[in-house]
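# Remarks on the overall topology
Each chain is listed here by its residues.
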Amino acid sequence: MLRRVLALMLATGWAGAAVACPGAETACEVAAGSYLLRLPQGSESGGPLPAMLHLHGWGATAEGVMEAGYTERFLERGFAVIAPQGLPGSPGRPTDWSVADGQPDPRDDLAFVASVLEDAARRFGLDRGRVLLTGFSRGGSMVWDIACQAPGTASAYAPVAGGFWEPAVTACAGPVRLLHTHGFADMTVPLEGRPLNNGAMAQADIYQGLRLWRQVNGCGARAGSHVTDGPIWRKSWDDCQSGTVEFALHPGSHGVPEGWADLAIDWFLGLPPWPDRPQG
């Protein structure tokens, strides 16, 4: 699979080719797993690059992230793109992340993602102070967990279509800068949450999760900014004591909406400096 993906990248002239790690074809290995990485064209002539690390959805792969249109957009705008590979939740099962949902975990993905970032920064000269951590669906839920439990892992977080799971999260380790994007018609991860497996596990209410983020950041009750003149409606709490919370709602279902990459990049690049992040 890795040979096929690399051949496709080179044959089609993608914005950035996969970078092979020493002793590997394309995948970079760390103690607990592997990741793929692409650099924007011309990056060898510049300074340390900002990076977007994206966690794929349930049953998906790092290779699929590298084939996504939003990956191309991040590369075109000068970001390195990192795609860690999830592990099966149990033998023979689809790939997953160690989301805090009361179920057995394939590994400690908080530690794994941190190790991927440190390894990628060391190997490829990335800017650890400019890392946007993103993810889709279960990957988005993992982003919420990382932001909550280890907020210094990245400089900002932009999950899509995934939030906390039950048991309910009632406190987080510290403030974050978070842009959450969700589909109004999402029936896979409904905004209001839902039980699964006959009640053995449950997706939590996205609105309750956003309320917790506002509390953690010390934000006011009302959003200070509302933008409704495009396909993605946005509420922004910018009066927080620390960090920021933004909610982007689109009319679609379970997916990454068109225009999300530029929305996330513009939001990330517009954030003020936060010199004490990341701390690991």
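Scroll up to find the structure.
I will try to describe carefully the structure that is included in this document.

### Remarks on the overall build of the protein
Looking only at helices and strands, one finds seven helices and 14 strands in the protein. Counting the 280 residues in the protein, one finds 54% classified as buried. Taking contacts inside the protein between residues at least 6 apart in sequence as the whole, the part at least 24 apart equals 64%. Of the roughly 12000 Å² of accessible surface on the protein, a fraction of 54% belongs to carbon and sulfur atoms.

### Brief notes about the nonpolar core
If you look at the biggest cluster of nonpolar residues, it comprises 53 residues, and the most contacted ones within it are Tyr35, Leu37, Ile82, Phe124, Leu126, Tyr157 and Trp213. Examining the composition of this core, we find that eight residues originate from one element, helix 4 (residues 109–124), more than from any other. Counting residues in each nonpolar core, the second largest holds 30 residues, with Val65, Ala158, Ala161 and Leu179 among its members.

### Comments concerning the packing of aromatic side chains
Inspection of every chain in the model, using the stated rule, returns eight aromatic pairs. Ring centres 5.4 Å apart and planes at 90° place the aromatic pair Phe74 and Phe79 in the edge-to-face group. Per residue, the accessibility class of Phe74 equals that of Phe79, and both read buried. Phe74 gets classed as buried once you look at its relative accessible area, which sits at 0%. Ring pairing ties together the aromatic residues Tyr70, Phe74, Phe79, Trp260 and Phe268, which thus form one cluster. Of note, Arg107 hangs over the ring of Phe112, and the distance from its end group to the ring centre comes to 3.5 Å. The side chain of Arg138 reaches across the aromatic face of Trp165, ending 4.7 Å from its centre.

### Topic: unusual backbone geometry
At the junction of Glu166 and Pro167, the peptide bond is cis and its omega measures out at 10° in the coordinates. Within the secondary structure, Pro167 sits in the loop between strand 8 (156–160) and strand 9 (177–183). The backbone phi angle of Ala161 is positive, close to 60°, even though this residue is not glycine. The topology assignment puts Ala161 in the loop between strand 8 and strand 9. Since its relative accessible area comes to 1%, Ala161 is described here as buried. Of note, Asn198 is a non-glycine position whose phi angle comes to about 55°, a positive value. Structurally, Asn198 can be placed in the loop between strand 10 (194–196) and strand 11 (201–203).

### Quick word on the layout of surface pockets
There is about 600 Å³ of room inside the largest pocket. Taken together, 31 residues form the lining of the largest pocket, with Trp58, Arg93, Asp96, Arg138 and Met201 sitting closest to its centre. Secondary structure elements with two or more residues in the lining of the largest pocket: helix 5 (138–149), strand 10 and strand 11. For the lining of the largest pocket, the residue count by class is 12 nonpolar, 13 polar and six charged.

### Some words on the pairing of strand 4 (residues 80–84)
Counting buried positions along strand 4 gives five out of five residues, so the element sits mostly inside the fold. Sheet analysis places strand 3 (residues 49–55) next to strand 4, joined by three bridges and oriented parallel. The partner of Ala51 across the bridge, within strand 4, is Ala80.

### Here's the deal with helix 6 (residues 206–217)
Counting along an α-helix, one turn takes 3.6 residues, and residues three or four places apart therefore face a common direction. With 12 residues, helix 6 should cover 16 Å at 1.5 Å per step; its first-to-last C-alpha distance of 17 Å lies within 8% of that length. Looking only at helix 6, the buried set comprises Ile206, Gly209, Leu210, Leu212, Trp213, Arg214 and Asn217. Sitting at the head of helix 6, Asp205 places a side-chain oxygen 2.7 Å from the backbone nitrogen of Tyr207. The first or second residue beyond helix 6 is Gly218, which carries a positive phi of 70°.

### Side note on the side chain of Thr95
Locating Thr95 in the fold gives a position in strand 6 (residues 95–96). The class for Thr95 is buried, based on a relative accessible area of 13%. Engagement of the side chain of Thr95 in a polar contact is seen with the backbone oxygen of Ala60, the distance being 2.7 Å. Dropping the residues within four chain positions of it, Thr95 is found in contact with His56, Gly57, Trp58, Gly59, Ala60, Gln85, Gly86, Leu87 and Pro88.

Conventions and cut-offs
- Residues numbered from 1 in each chain as written.
- Predicted model: local features only at pLDDT ≥ 70, side-chain atom pairs only at ≥ 80, totals over all residues.
- Heavy atoms only, no water.
- Helix = DSSP H or I, 4+ residues; strand = E, 2+ residues; numbered from the N terminus.
- Buried < 20%, exposed > 50% of the residue type's maximum accessible area, 1.4 Å probe, protein only.
- Contact = heavy atoms within 4.5 Å.
- Areas by Shrake-Rupley, 256 points an atom, 1.4 Å probe, with all protein chains shown as cover.
- Core = buried A, V, L, I, M, F, W, Y, C linked by side-chain atoms within 4.5 Å.
- Phe/Tyr/Trp six-rings, centres within 6.5 Å; stacked < 30°, edge-to-face > 60°.
- Lys NZ or Arg CZ within 6 Å of the ring centre and 35° of its normal.
- 1 Å grid on protein atoms, 1.4 Å probe; cavity = no way out; pocket = protein on both sides within 12 Å on 5 of 7 lines; lining within 4 Å.
- Points joined across faces, edges and corners; volume = space filled by probe spheres on them.
- Nonpolar A, V, L, I, M, F, W, Y, C, P; charged D, E, K, R; others polar.
- Pairing = 2+ DSSP bridges.
- Expected span 1.5 Å × (residues − 1).
- Polar contact = N/O pair within 3.5 Å; in protein donor to acceptor, adjacent residues only side chain to side chain.

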